[in-house]
Every structure is written in C-alpha cells, then in structure tokens.
Amino acid sequence: MFTSRKNVEDFTGPRERSDLGFITFDITADLENIFDWNVKQLFLYLSAEYSTKNNALNQVVLWDKIVLRGDNPKLLLKDMKTKYFFFDDGNGLKGNRNVTLTLSWNVVPNAGILPLVTGSGHVSVPFPDTYEITKSY
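Residues numbered from 1 in each chain as written. Predicted model: local features only at pLDDT ≥ 70, side-chain atom pairs only at ≥ 80, totals over all residues. Heavy atoms only, no water.

For the protein chain, an unreviewed UniProt entry supplies the name Signal peptidase complex subunit 3 and the organism Carlito syrichta. UniProt, in the comment section headed Subcellular location (unreviewed entry), describes the protein chain in these words: "Endoplasmic reticulum membrane". Quoted straight from UniProt, the Sequence similarities (unreviewed entry) entry for the protein chain says "Belongs to the SPCS3 family." (UniProt positions renumbered as here; feature names shortened; annotations may be inferred.)

Structure below.
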C-alpha cells in the first residue's frame, strides 16, 4: 500500500489549505458465498476512518464498485487508486498514524431489507510527516 499527501487549496469553503491524501491499494476477496437466491447485487465500498484534533471521528468513502449477480465474484484488484478525493478539512492527515481502511458492502436483495455488512478485516495505514511537493505551472 502506498500513501502520500499534499497540502492544497480547498475551493469548497474558506480560503484555507487542506490535506489531500493519495492511497493505492489491493483488494483480494471471494464474494461467492454472499450470493444466495435473494441477492441481486452487492454495493462494495472502501472507507477510511481516522481521528484528528478537530474531529473525534472522520469517515470518508474512497472507492466503490457494484458487483451484479452473474459477475465474477472473485476480486483480484491490484494497484487501485481511490475513486473519490480524500480531503481532510484541515491538516489532519499529516503524520496521522491511524487511518483505518475498511471494506464494507450493501446487499441489494430481490426482495426484503437492505442489510449493511462490514468486512471483518481492517488495515491501518500511517501517513507521512511531510508533504509531497508538486510543481506549480
């Protein structure tokens, strides 16, 4: 797993700089036993949870994928990049040693309730103490 971080201007709010995290990841999973007669599709998502001095709990969805009945239920994903930006609302990623990544999924049934399932494994990744320097053009 690779992590890096930049300090960039966040144009969505006040003119302050915020941390933007970059993660590449691998996912290996066999989802075959989740698909029974009542499972139409799975909505998989990878989320990051961490705490900062400003917020006790931060949760960010980084990546998602829909797996339909009939698709290959065995995932072997290598060197994946996040699908969504990993912005912190400040500088909470710099030197953060406990960013926990979790793979979860929603079962979309043919009939009935929509259960939310969290994977049993978690991975904690440390972020570096320095910013990646980017060229300004």
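That shown, we press on.
Undergrad: When you look at the overall build of the protein chain in this model, what are you seeing that I'm missing?
TA: Of the regular secondary structure elements, the protein chain holds zero helices and eight strands. Listed by position from the N terminus, the elements making up the protein chain come as β-β-β-β-β-β-β-β. Counting the 137 residues in the protein chain, one finds 40% classified as buried. Within the protein chain, residue pairs in contact and separated by at least 24 positions form 65% of the contacts whose partners lie at least 6 positions apart. A total accessible area of about 8,700 Å² is found for the protein chain, and carbon and sulfur atoms account for 54% of it. (Helix = DSSP H or I, 4+ residues; strand = E, 2+ residues; numbered from the N terminus. Buried < 20%, exposed > 50% of the residue type's maximum accessible area, 1.4 Å probe, protein only. Contact = heavy atoms within 4.5 Å. Areas by Shrake-Rupley, 256 points an atom, 1.4 Å probe, with all protein chains shown as cover.)

Undergrad: For this particular structure, what's the right way to read the nonpolar core?
TA: Within soluble globular proteins, side chains that are nonpolar tend to cluster in buried spots. Of all hydrophobic cores here, the largest spans 27 residues; its most connected members are Ile27, Leu42, Leu44, Trp63, Phe86 and Val99. For this core, the elements supplying multiple residues, two or more each, are β2 (17-30), β3 (39-50), β4 (58-68), β5 (74-81) and β7 (99-109). A per-element tally of this core places β3 first, with six residues. Setting aside its immediate chain neighbours within four residues, Val99 contacts Ala48, Glu49, Tyr50, Phe86, Leu93, Val123, Ser124, Val125 and Phe127. (Core = buried A, V, L, I, M, F, W, Y, C linked by side-chain atoms within 4.5 Å.)

Undergrad: How do you make sense of the packing of aromatic side chains when you look at a structure like this?
TA: Aromatic ring pairs are described here by two measures, namely the spacing of the ring centres and the angle between the planes. Here the structure, examined in full by the defined rule, presents five aromatic pairs. The interplanar angle of 35° and the centroid separation of 5.9 Å between the aromatic rings of Phe43 and Tyr45 together place this pair among those described as tilted. Aromatic pair Phe85 and Phe87: ring centres 6.0 Å apart, planes at 50°, arrangement tilted. Judged by relative accessible area, Phe87 falls into the partly exposed class, the value being 30%. An aromatic cluster of three or more residues is present, and its members are Tyr50, Phe86 and Phe127. (Phe/Tyr/Trp six-rings, centres within 6.5 Å; stacked < 30°, edge-to-face > 60°.)

Undergrad: Just to check I follow, could you spell out the environment of Asn106 for this structure?
TA: In this structure, Asn106 sits in strand β7. Taking the relative accessible area as the measure of exposure, Asn106 reaches 24% and is therefore partly exposed. In this structure the C-alpha to C-alpha distance between Asn106 and Leu44, which are 62 residues apart in sequence, comes to 6.6 Å.

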